[in-house]
Amino acid sequence: MECSCSLIDTSSIQITNAEKKLTDNNKCYIVYTIHNKQSDTRDAKRRYSEFEAFRKSLLKLYPAALIPPIPEKHSISDYARKQVDDHSITEKRKRMLERFLHRVAIHPVLSREHLFHRFMDGCNSWSDIANSATLSQIKDPPVDTAIVPSYYRLRYPDIELSDSNADRAAQHASISFEKSQKRIMRRLSELSNDYSELGSAYNALSLNETGSISHSIEKIGQVIDASSIYTKEMVKALEIDFGEHVQDYTQYVYRVQDILRYRRMKHSQLESLEETINNKKLQLRNLSRIEEESRKLMATMDNTDHSEDTPVRPIPDDHPQVEEENDLDTESIEDGFSNIIKERTEEEDMSHKPEHKRVDQYPSSASGTVLRATKNRNKKWSSPRRLLSAVTYTLQGMIDTDPEQTRRDHIDKLRGSICHAEETAIELKKEIKDMSLTIQQDFDRLQIQKEADLKRMLLSFAKIHISYCEQNMASWKDIRNDVAVTLNNMK
């Protein structure tokens, strides 16, 4: 939610202190002091968990935005193996959290978010911010994964924002790059420890010798100890100027994957909604056609009722027009079981009058449809299917007293549902269009930022190694001269 607060300058944000405190249960936690040079308010004190909750709130507010990453959590096993120490974790988080705030401050949308301004204000506690109306009404992004299977393929994918094989390969390379970088840093740390142990061994060996040899061995041990120190300093510098940035951009890769997955689900929802609209339109056309045929039939029946007063003529059973279409199944189920009862009554009457020839009376203007319907009405229900149809229609008549009105209500509901679905589809199309524009702009900004950071990272990487090599070379040059003098004296 944008507000009228003044924008925060990136250069004015600084995490000045990381203080260790204890809870009532004697559990330790770190409080980071955020100083804003641009503001006259007091400094904000936030815990790491509050930074994490703040970022999650931004993700809910802006599910398609490229939210900057924060440092990852360390597991209990890391502490158990003593791979990390409290001071290094605190300093690393301090630097990465400050970088997180800088990136939020330069984002064109996030920098205007009132939640960010309140987070930077020390007068507001995080509990008050979290319980505010803005955050309490926020729900998770409305993505229904149930209607979009993972194997679903978009019919009309966006080529520019599609998760292509090339993009997946680049993302895999970024993740592999971070793993390789961590492995190199770990091995350099092990090398530093090995140098330290080797230096101690040389120093112990010098105690067993005398004269100039003892002095030379001790000097070599001191140079190896210096190499251990230089290696530790190099590892620390690489972690600050190179490793942390690699970790940031690896987290960016995961965030990009989430954004593309979210957009793909929205696009899938749109295609599913359009397919539903087409199916409902087809159903509406079928019902409308049935309704039109029903009206025509009612009009024909009304015309037949008006012609009842006209003279009638007898039509025998073997009438050629009737016999021609006896095989057509056009009986009216509406008569139900009354046809069976009527037929039995007529047979009983005919049994008392054996010489009577059964004839039906028809209006002189009766059409072929009326003739066929009347003829089929007097047929026996010899087919089980016809009997079952009569039973089914009778039961439906008990449940639905007016099927025609039900059909009309269904048509009205379908029209309303189609109208609502089309409005939803229009809104969803606009949302996807705006989302695609926002995503593309964020990706472009990330590319520019990544290129600039990568240039600084590589320069720092080279300078750190050059400085490390120069220091080691200078140390070994000095000891080389001392060892040469010692060897000459021994001769």
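Residues numbered from 1 in each chain as written. Predicted model: local features only at pLDDT ≥ 70, side-chain atom pairs only at ≥ 80, totals over all residues. Heavy atoms only, no water.

Caption draft 1: Broad picture of the packing of aromatic side chains. Counted by the stated rule, this structure contains nine aromatic pairs. Measuring from ring centre to ring centre gives 4.9 Å for Phe 242 and Phe 461, while their planes differ by 45°; the resulting arrangement is tilted. Of this pair, Phe 242 sits in helix α8 (residues 211-306) while Phe 461 sits in helix α13 (residues 403-490), and the two are 219 residues apart along the sequence. Judged by relative accessible area, Phe 461 falls into the partly exposed class, the value being 33%. Pairing Tyr 249 with Tyr 252 gives two aromatic rings, centres 5.5 Å apart and planes at 35°, and the pair type is tilted. Of this pair, Tyr 249 and Tyr 252 are both found in helix α8, three residues apart, which corresponds to roughly one turn of the helix. This pair shows no difference in class: Tyr 249 is buried, exactly as Tyr 252 is. Here the aromatic residues Tyr 32, Phe 51, Phe 54, Phe 100, Phe 116, Phe 119 and Trp 126 are joined through ring pairs into a cluster of three or more. Lying across the ring of Phe 119, Arg 46 places its NZ or CZ 5.0 Å from the centre. Over the face of the ring belonging to Tyr 48 we find Arg 93, whose NZ or CZ atom lies 4.0 Å from the ring centre. (Phe/Tyr/Trp six-rings, centres within 6.5 Å; stacked < 30°, edge-to-face > 60°. Helix = DSSP H or I, 4+ residues; strand = E, 2+ residues; numbered from the N terminus. Buried < 20%, exposed > 50% of the residue type's maximum accessible area, 1.4 Å probe, protein only. Lys NZ or Arg CZ within 6 Å of the ring centre and 35° of its normal.)

Caption draft 2: Main features of the sheet that holds strand β3 (residues 44-47). Sheet architecture is open: three strands sit in the order β1-β2-β3, paired in antiparallel fashion. Looking at strand neighbours, the two that pair on one side only are β1 (13-22) and β3, the edges of this open sheet. Direction aside, neighbouring strands of the sheet carry axes that sit 30° apart on average. In this structure, β1 lies alongside strand β2 (residues 28-36), joined through nine bridges in antiparallel fashion. Paired with Leu 22 across the bridge in β2 is Cys 28. Each of β1, β2 and β3 touches helix α1 (residues 48-61); the most contacted strand, β3, lies at about 90° to it. (Pairing = 2+ DSSP bridges. Axes fitted to C-alpha atoms, helices over the stretch in contact; angles between N-to-C directions. Contact = heavy atoms within 4.5 Å.)

Caption draft 3: Inspection of the nonpolar core at higher detail. Residues Ile 34, Phe 51, Phe 54, Leu 101 and Phe 116 are the most contacted members of the largest nonpolar core, which totals 28 residues. Of all the secondary structure elements, the ones that give two or more residues to this core are β1, β2, α1, α3 (86-106), α4 (114-120) and α5 (126-130). Sort the elements by how many residues they give to this core and α3 lands first, with five residues. (Core = buried A, V, L, I, M, F, W, Y, C linked by side-chain atoms within 4.5 Å.)

Caption draft 4: Inspection of the environment of Ala 201 at higher detail. Position of Ala 201 among the secondary structure elements: in helix α7 (residues 165-206). Residues Ala 201 and Glu 218, 17 residues apart in the sequence, show an inter-C-alpha distance of 9.8 Å.

Caption draft 5: The arrangement of the side chain of Glu 178 in detail. Inspection of the secondary structure assignment puts Glu 178 in helix α7. In this structure Glu 178 touches Val 246, Gln 247 and Thr 250, once residues within four positions along its chain are discounted.

Caption draft 6: Molecular detail of the pairing of β3. Only one face of β3 is buried, namely the one carrying Ala 44 and Arg 46, since none of Lys 45 and Arg 47 on the opposite face is buried. Sheet analysis places β2 next to β3, joined by four bridges and oriented antiparallel. Paired with Thr 33 across the strands is Lys 45, a residue of β3.

Caption draft 7: Broad picture of the packing of α1 against α3. The N-to-C vectors of α1 and α3 enclose an angle of 30°; their axes lie 12 Å apart at closest approach. Taken together, α1 and α3 sit at an angle that is classed as roughly parallel. The handedness of the crossing between α1 and α3 is left-handed. Note on element contacts: α3 touches α1 through Arg 93, Leu 97, Phe 100 and Leu 101, opposite Tyr 48, Phe 51, Phe 54 and Arg 55. (Parallel < 35°, antiparallel > 145°, perpendicular 65-115°, else oblique. Left-handed = near helix turned anticlockwise from the far one by under 90°.)

Caption draft 8: Seen up close, the confidence of the model for the protein chain. Per-residue confidence for the protein chain gives a mean pLDDT of 78; residues scoring 70 or more make up 70%. Here helix α9 (residues 320-323) stands out as the element of the protein chain with the lowest mean pLDDT, 47, in contrast to α1, whose mean of 93 is the highest. Between residues 142-147, whose pLDDT stays under 50, and residues either more than four places distant or in other chains, the model counts nine contacts. Throughout residues 321-345 the model reports pLDDT below 50, and contacts reaching past four residues in sequence, or to other chains, amount to 38 contacts. (pLDDT = per-residue confidence, 0-100.)

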